[in-house]
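# Descriptive analysis of the structure
Spelled out, the chains give:
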Amino acid sequence: MDPSSVVQQIKDFALTEARMDKVGIAGIDRFNESPEGVHPTDFLPGCKSVIVFCTRLPDGAVNATYRTFEDLNYNVHGVYGAFGYVGAPNYNLMFANYKISRFVEKLTGCAAVPEPAGPTHGAKMMSLRHCAYAAGLGEFGWSSLMLTPEFGPRNRFGAVLTTAELPSDPMYSGPRLCDPSKCHVCEKLCPTGAIPPYVPGSERLVCSGGKEIGYGQTNWSKCRIMCHGTGKDYNESGTDLVPQTDWDPLNEDLDVIGEFFDAHPRENFHQHSPSWKCGNCLSYCPVGSWYRRFRDTGLTSTNIDAYIDDGWRSPT
Ligand code: B12
Ligand code: SF4
Ligand code: SF4
């Protein structure tokens, strides 16, 4: 069968039957720089292509983070957990993965492996943001999130690995989406300081498809303090699980998170512990029509321009 017709059928299926918002393909050579253990062939021997897709987060789900941080209405944050993070988006991706992998197997006769989309499904995972970059869906932002021109960071990714050899999509070649020398929104609005200030030369460099890009070295322990809901406003412990003064925790300082949420599974929403209790870097990033979607609609009253130099505007 003509490879371009196979690709077209797979993409049409992903965008219609599987209801994804974007799809791209990365040939196996795009993963030449994957670390050992998370290369696609570690998951599927003989893997030749990775089909990567995303589901856009509804603006109404993103609204829940504004209500939490701007109105201090912590109860609303469950809406973000359910419809912006671990609930609907992960399950939407899980079913899309399943459908697309079955379609690819039927169409090509080759093996197709659905990759889990989030921690809900356990096990070691490939890095889906690197998969999305490799498939040309967008570029990394300083926050380390993957930005698509259409939705900025407000999308979640899924991937299907296959032994079918499919032509790669071009790498993203539009205007640079993020300029951390001018935009400091994610750094300044990160409540734990997990996202460092931009310092030239401090970025983590990655390369795929001959295109190198750098992004900030986010401190995951600091990020987890917020995402896992350790603050007393975010769980029923009555106290901060990790002292608010401990802004540079070691992994063992965070063990208490697992212990608390193991004992309070009601608060976890099908996960080992919640991981949706923040999301500011995702919600306030200007890329992806932020002003039109969120400022002009009145969903947020935060003046992100206070954290942008020289009137910089994202190209999308
Ligand atoms: C665990 C996890 C977390 C943890 C820890 C984060 C971490 N990266 O360790 C916590 C809870 C803190 C977290 C927070 C958030 N997360 Co999270 N998280 C994940 C998860 C489930 C696994 C990440 C992981 O450990 N990957 C495995 C390691 C190997 O990958 P890595 O660290 O990215 O890769 C490193 C290397 O191995 C190497 N590498 C790996 N593969 C490759 C390939 C190539 C080609 C190259 C060159 C290099 C390379 O480069 C990296 C640098 O060392 C992913 C889903 C997934 N499977 O990707 C979502 C995921 C990264 N999270 C996501 C989101 C949305 C969030 C939050 C916004 C959640 C929220 N509260 O709203 C925050 C954002 C924080 C931020 N600034 O990025 C989305 C990101 C979407 C996007 N637009 O980019 C993902 C992709 C889930 C999804 N299905 O879309 N998350
Ligand atoms: S908030 Fe600004 S610096 Fe951060 S990722 Fe988005 S565009 Fe880049
Ligand atoms: S999710 Fe919150 S704590 Fe984590 S990096 Fe983003 S803004 Fe910072």
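The present account deals with the structure reproduced in this document. (Residues numbered from 1 in each chain as written. Chains lettered and ligands numbered in written order. Predicted model: local features only at pLDDT ≥ 70, side-chain atom pairs only at ≥ 80, totals over all residues.)

## Topic: the site of ligand 3
Around ligand 3, the surrounding shell holds 13 residues, and the nearest of these are Cys190, Cys223, Met226, Cys278 and Cys281. If you tally residues by element for the shell around ligand 3, the top one is helix α8 (residues 220–227), at three residues. Tallied by class, the residues present in the shell around ligand 3 amount to nine nonpolar, four polar and no charged. (Near = placed C-beta within 6 Å. Helix = DSSP H or I, 4+ residues; strand = E, 2+ residues; numbered from the N terminus. Nonpolar A, V, L, I, M, F, W, Y, C, P; charged D, E, K, R; others polar.)

## A word on helix α1 (residues 3–15)
Note: α-helices contain 3.6 residues per turn, so residues at a spacing of three or four share the same orientation. Taking 1.5 Å of rise per residue, 13 residues should cover 18 Å, and α1 covers 18 Å from first to last C-alpha, within 8% of that figure. Taken together, the buried positions of α1 are occupied by Ile10, Phe13 and Ala14. Along the long axis of α1, the arc covered by the buried residues comes to 100°, so they all point the same way. Turned more than 90 degrees off the buried face of α1, the exposed positions are Ser4, Ser5 and Gln8. Where the residues of α1 are buried, they touch β1 (22–27), β2 (49–56) and α5 (88–108). (Expected span 1.5 Å × (residues − 1). Buried ≥ 20, exposed ≤ 12 C-beta atoms within 10 Å, placed from the backbone. Arc of directions from axis to C-beta. Contact = placed C-beta atoms within 7 Å.)

## Details of the site of ligand 1
The environment of ligand 1 is formed by 39 residues, the closest being Met125, Ser127, His130, Arg156 and Gly279. The set of elements that each furnish at least two residues to the shell around ligand 1 consists of α6 (128–134), β6 (155–162), β7 (204–208), α8 and α10 (280–283). Here the residues of the shell around ligand 1 are counted per class, giving 23 nonpolar, 11 polar and five charged.

## Some words on the pairing of β7
The pairing of β7 with strand β8 (residues 211–215) spans five bridges and is antiparallel. Residue pairing for β8: Cys207 is matched across the bridge by Glu212. Where β7 folds back onto β8 in an antiparallel hairpin, the turn is made up of two residues, including Gly209, whose phi is positive at roughly 55°. (Pairing = 2+ DSSP bridges.)

## Concerning the sheet that holds β1
Within the open sheet, the four strands sit side by side as β1-β2-β6-β3. Their pairing is antiparallel. A strand with exactly one partner marks an edge of an open sheet, and here the two such strands are β1 and β3 (112–115). Across this sheet, the average inter-strand angle for adjacent strands is 25°, counted without regard to direction. In this structure, β1 lies alongside β2, joined through six bridges in antiparallel fashion. Looking at β2, one finds that Gly24 is bridged to Val52. Running over the sheet, α1 touches β1 and β2 and is turned about 145° from β1. (Axes fitted to C-alpha atoms, helices over the stretch in contact; angles between N-to-C directions.)

The values are spatial; any link to function lies outside them.
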